[in-house]
Amino acid sequence: MKFRNKILLCAILFFSFFFGIGGSILISASSRSNLTREKQAAAHSYQMVLNMLSIVNSVSPQSYYSDVVDTLKQLEENGGGSWAALRLSDGTDVIYKSAPEASHMKELAAQTEDERCVLQIFHEEGAYYLQITGTLEAGNKILYLDGLYDATGIYDARNAQQTIYRYVFVIALGSAFFVFWLMACVLTRPLKELSEAARE
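Conventions we followed
Residues numbered from 1 in each chain as written. Predicted model: local features only at pLDDT ≥ 70, side-chain atom pairs only at ≥ 80, totals over all residues. Heavy atoms only, no water. Helix = DSSP H or I, 4+ residues; strand = E, 2+ residues; numbered from the N terminus. Buried < 20%, exposed > 50% of the residue type's maximum accessible area, 1.4 Å probe, protein only. Contact = heavy atoms within 4.5 Å. Areas by Shrake-Rupley, 256 points an atom, 1.4 Å probe, with all protein chains shown as cover. Pairing = 2+ DSSP bridges. Axes fitted to C-alpha atoms, helices over the stretch in contact; angles between N-to-C directions. Core = buried A, V, L, I, M, F, W, Y, C linked by side-chain atoms within 4.5 Å. Salt bridge = Lys/Arg side-chain N within 4 Å of Asp/Glu carboxyl O.

A.B. asks: It is not clear to me how the overall build of the chain should be interpreted in this structure. Could you clarify?
C.D. replies: Assigned secondary structure in the chain consists of three helices and five strands. Secondary structure elements of the chain, listed N to C terminal, follow the sequence α-α-β-β-β-β-β-α. The 200 residues of the chain split such that 32% are buried. At a minimum sequence separation of 6, the contacts of the chain that also span at least 24 residues come to 57%. Approximately 12,600 Å² of the chain is accessible, and the part contributed by carbon and sulfur atoms is 58%.

Below you can see the structure in the form of structure tokens.
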């Protein structure tokens, strides 16, 4: 292999490696940041609903969970919250669910402990969902409130960024190849002339 081609190959490999690694890190960091914000927003919205239900239950504990269900229904009718679905259960039977998307929810009740909420992201039927599950006392019963949030937009944005990055990478690589080829020609021309002169 000619010395010029070796220089060109090394430059292209160096450019491809660092440009590829750098772009991947930026996209990954951006996606993680967006997902973290969505988790925080979902957790805040979920906590607001949970606090509201706790207040409703504390006012009339003798009704057990009937007032809690009525509050969830009113919340759904008024379009409150950014959830795709809400579900209330006692760990065995579903007491209330607000939308058909509730059928996608996972059973996370067994994972809740010490009044801590459980958060899980999963893929279902072409969409990404974020589910939060926590406990709620209603009368003398422990109920489980599941909140389902549609997180598909975050992953669609990441896929779009990756697609754009691939096009930019191909264009940049083609441009870099041309520039490096010119540089290699300029840098190796004196050596080539010297080599030809030595043969003569």
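Right, picking up where we left off after that structure.
A.B. asks: Could you clarify how one ought to interpret the sheet that holds strand β3 (residues 118–124) in this entry?
C.D. replies: The strands that make up a sheet are held in pairs by hydrogen bonds between backbone atoms, and each pair lies either parallel or antiparallel. Judged by pairing direction, the sheet is antiparallel, and its five strands sit side by side in the order β2-β1-β5-β4-β3 without closing on themselves. One side of each edge strand has no neighbouring strand; the edge strands of this open sheet are β2 (94–97) and β3. Each strand axis lies, on average, 20 degrees off the axis of its neighbour in the sheet, ignoring direction. Pairing of strand β1 (residues 85–89) with strand β5 (residues 141–150) involves five bridges; the strand directions are antiparallel. Within β5, the residue paired with A85 across the bridge is L148.

A.B. asks: Is there a simple way to explain the pairing of β5 in this structure?
C.D. replies: Regular strands place their side chains on alternate faces of the sheet. The buried fraction of β5 amounts to seven of the ten residues, a majority that puts the element mostly inside the structure. Direction of pairing for strand β4 (residues 127–138) relative to β5: antiparallel, over a ladder of ten bridges. Counted as the bridge partner of I132 is G147 from β5.

A.B. asks: Hey, could you run me through the nonpolar core in this one?
C.D. replies: V49, L53, L72, W83, L88 and L145 are the most contacted members of the largest nonpolar core, which has 20 residues in total. When residues in this core are grouped by element, the largest group, five residues, is from helix α1 (residues 3–59). Sequence-distant contacts of L145, defined by excluding residues within four places in its chain, comprise Y46, V49, L50, L53, L72, R87, L88, I132, T133 and G134.

A.B. asks: Help me understand the pattern of salt bridges in this model?
C.D. replies: Oppositely charged side chains may form a pair once their charged atoms are brought near each other. Taken as a whole and judged by the stated rule, the model has three salt bridges. A salt bridge links E124 to K106; the shortest N-O distance between them is 3.3 Å. On the criterion of sequence distance, the pair formed by E124 in strand β3 and K106 in the loop between β2 and β3 is long-range, its members being 18 residues apart. Owing to a relative accessible area of 30%, K106 belongs among the partly exposed residues under this scheme.

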